[in-house]
Amino acid sequence: MINTLNTDVLLIPIDREGTARGYSGTLPEMAIEVSRATAELYARDGFDEPWIGYFAFADDTLVGTCAYKAKPHNGRVEIAYFTFPEFEGRGYASAMAARLVAIARQHSSSLTVAAQTLPVRNASHRVLEKLGFQHVDTIDHPDDGVVWEWQLKDEISA
């Protein structure tokens, strides 16, 4: 398990096989689906800690999942986070995103931390803005279509 840094979530790594490292409880169906998809992603793209997926727990309750979309490339790493619907609006997405940023910073303070969102105002934008991210571009992503690119403000190129 990875300790959190002043957040209310505990991140548990999703191992190469898609299992929650060190967790012996029963996962809900949504988390089992995340486990399968994460294992498939690792099989395709590789498993390179800490640039992996994590389950997020709050008070021993699984509240969501977060991940790096891939290991850093060209000095950039992209984060993603998802709060399970019944736990939305409680700050867990912000806590997950903050923890991913902290892990990236512990690994390399020079990495650009980025995120991509749908190109409409939503809760994810508020999470990123609260953490200091700024919308920097609109991209036509080959898999996701048009998305907004976000980067931490202190990392935006002039």
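Residues numbered from 1 in each chain as written. Predicted model: local features only at pLDDT ≥ 70, side-chain atom pairs only at ≥ 80, totals over all residues. Heavy atoms only, no water.

The next thing to look at is the layout of surface pockets. Reported here for the largest pocket is a volume of approximately 1300 Å³. Along the wall of the largest pocket there are 45 residues; nearest its centre are Thr 65, Ile 79, Ala 80, Tyr 81 and Phe 82. Those elements that provide at least two residues to the lining of the largest pocket are α1 (29–45), β3 (61–68), β4 (76–83), α2 (92–107), β5 (112–117) and α3 (123–130). Element by element, the count of residues in the lining of the largest pocket is highest for α1, at seven residues. Looking at side-chain class alone, the lining of the largest pocket contains 22 nonpolar, twelve polar and eleven charged residues. The space that makes up the second largest pocket amounts to roughly 280 Å³. If you trace the second largest pocket, you find it lined by Lys 69, Ala 70, Lys 71, His 73, Arg 76, Val 77, Glu 78, Gln 116, His 141, Pro 142, Asp 143 and Asp 144. Grouping the constituent residues of the lining of the second largest pocket by class yields three nonpolar, three polar and six charged. (1 Å grid on protein atoms, 1.4 Å probe; cavity = no way out; pocket = protein on both sides within 12 Å on 5 of 7 lines; lining within 4 Å. Points joined across faces, edges and corners; volume = space filled by probe spheres on them. Helix = DSSP H or I, 4+ residues; strand = E, 2+ residues; numbered from the N terminus. Nonpolar A, V, L, I, M, F, W, Y, C, P; charged D, E, K, R; others polar.)

For the rest of this paragraph, the subject is the packing of aromatic side chains. Under the definition given, this model contains five aromatic pairs. Between Tyr 23 and Phe 57, the aromatic rings sit 4.8 Å apart at their centres with planes inclined by 45 degrees, giving tilted as the arrangement. Taken together, the positions of Tyr 23 in the loop between β1 (10–13) and α1 and Phe 57 in strand β2 (residues 53–58) put the pair 34 residues apart, joining distant regions of the chain. Under the relative-accessibility criterion, Phe 57 is labelled buried at 6%. Seen in terms of ring centroids, Phe 87 and Tyr 92 are 6.5 Å apart; in terms of plane orientation they differ by 70 degrees. Their pairing is edge-to-face. Neither Phe 87 nor Tyr 92 differs from the other in exposure class; each is buried. (Phe/Tyr/Trp six-rings, centres within 6.5 Å; stacked < 30°, edge-to-face > 60°. Buried < 20%, exposed > 50% of the residue type's maximum accessible area, 1.4 Å probe, protein only.)

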